[in-house]
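Architecture and fold: a report
The chain contents come next:
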Amino acid sequence: MKKLLFVPLLLILSAVRLVPAQACCSITIAGSSAVVRVTTSSTSVNWVQLVAPTGNASTAYWGIGTTSTADGGILPAGSGQFIPPKARGNYDLSNVYVYVAAGDTLRVAWDQ
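So, here is what we can say about the structure in this document. (Residues numbered from 1 in each chain as written. Predicted model: local features only at pLDDT ≥ 70, side-chain atom pairs only at ≥ 80, totals over all residues. Heavy atoms only, no water.)

1. Quick look at the sheet that holds strand S1 (residues 25–30)
Sheet strands pair by backbone hydrogen bonding; their relative direction is either parallel or antiparallel. To keep things clear, this is the line we draw: At least two bridges found by DSSP between two strands is the condition for calling them paired. Secondary structure follows DSSP: runs of H or I at least 4 residues long count as helices, runs of E at least 2 residues long count as strands, and numbering of each begins at the N terminus. Note on geometry: axes are C-alpha line fits, over the in-contact stretch for helices, and angles between N-to-C directions span 0 to 180 degrees.
Across the sheet, which stays open at both edges, the 4 strands sit in the order S1-S10-S4-S7 with antiparallel pairing between neighbours. Two strands close off the open sheet at either side, each with one partner strand: S1 and strand S7 (80–83). Averaged over all pairs of adjacent strands, the angle between strand axes in this sheet comes to 15°, irrespective of strand direction.

Structure follows, in structure tokens:
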């Protein structure tokens, strides 16, 4: 009888572990047609997600260390970019730069 109770408990515990972790923090960057850092202070993060809302009129750009419209990663309206966890160490969020045109926005989420 104890074994029969143990199996459902084990299944429930397994299912709980499969739920993905939620991001701890997020911001919305209002476009200014200039390259800006995501944060100005050093912030160690595990991963970063950038999302350009579907209502944006222009392509946004991103990069680690710097970015520009000539060499940044592109984020057309309705797209996103996930920067996954590294094998060793974390990212410094202050080293992630974005360019967002005036009137557009960019949503940034991360986990510490």
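Right, picking up where we left off after that structure.
2. Section: the nonpolar core
Put simply, the test is: Here, the term nonpolar core denotes a set of buried Ala, Val, Leu, Ile, Met, Phe, Trp, Tyr and Cys residues that are joined through side-chain atoms within 4.5 Å. Accessibility here uses a 1.4 Å probe with only protein chains present; expressed as a share of the type maximum, an area under 20% marks a residue as buried, one over 50% as exposed, and anything in between as partly exposed. Residue contacts are counted whenever heavy atoms from the two residues lie within 4.5 Å of one another.
Membership of the largest hydrophobic core comes to 18 residues, with the highest contact counts inside it found for Leu50, Val98, Leu106 and Val108. Only strand S4 (47–51), strand S5 (60–64), strand S9 (96–100) and strand S10 (105–111) provide two or more residues apiece to this core. Filtering out sequence-adjacent residues up to four positions away, Val108 remains in contact with Cys25, Ser26, Ile27, Ile29, Val38, Val48, Gln49 and Leu50.

3. Remarks on the side chain of Thr43
With respect to the helices and strands, the residue Thr43 is situated in the loop between strand S2 (34–37) and strand S3 (44–45). Once residues lying within four places of it in the same chain are set aside, the contact partners of Thr43 are Tyr91, Asp92, Leu93 and Gln112.

4. Overview of unusual backbone geometry
Here the phi dihedral of Ser33 falls at roughly 60°; this positive angle occurs in a residue that is not glycine. Looking at where Ser33 falls in the secondary structure, it is placed in the loop between S1 and S2. Ser33 sits in the partly exposed class, given a relative accessible area of 40%.

5. Remarks on the pairing of S9
Most of S9 is tucked away, with 5 of its 5 residues classed as buried. Of the two faces of S9, the one holding Val96, Val98 and Val100 and the one holding Tyr97 and Tyr99 are both buried throughout. Strand direction decides the pairing type here: S2 and S9, joined by 4 bridges, are antiparallel. What sits directly across from Val36, in S9, is Val98. Bridge count for S5 against S9 is 4 bridges, and the pairing is antiparallel. Each residue of the ladder has a partner; that of Ile64, found in S9, is Val96.

6. With respect to the packing of aromatic side chains
How we decide: Aromatic pairs are defined between Phe, Tyr and Trp rings, using the six-membered ring for Trp, whenever the two ring centres lie within 6.5 Å; interplanar angles under 30 degrees are classed as stacked, those over 60 as edge-to-face, and all others as tilted.
In this structure the tally under the stated criterion is 2 aromatic pairs. With 5.5 Å between their ring centres and 45° between their planes, Trp47 and Phe82 make a pair best called tilted. With Trp47 in strand S4 and Phe82 in strand S7, the pair connects residues that are 35 residues apart, well separated along the chain. For Trp47, a relative accessible area of 14% puts it in the buried group.

7. Regarding the sheet that holds S9
As summarised here, the arrangement of the 4 strands in space is S2-S9-S5-S6, forming an open sheet in which the pairing is antiparallel. Each of the sheet's edge strands pairs with one partner strand only, and the pair in question is S2 and strand S6 (73–75). Put simply, the sheet's adjacent strands are angled 25° from each other on average, direction ignored. Examined bridge by bridge, S5 and S6 share 3 bridges and lie antiparallel to one another. Paired with Trp62 across the strands is Gly73, a residue of S6.

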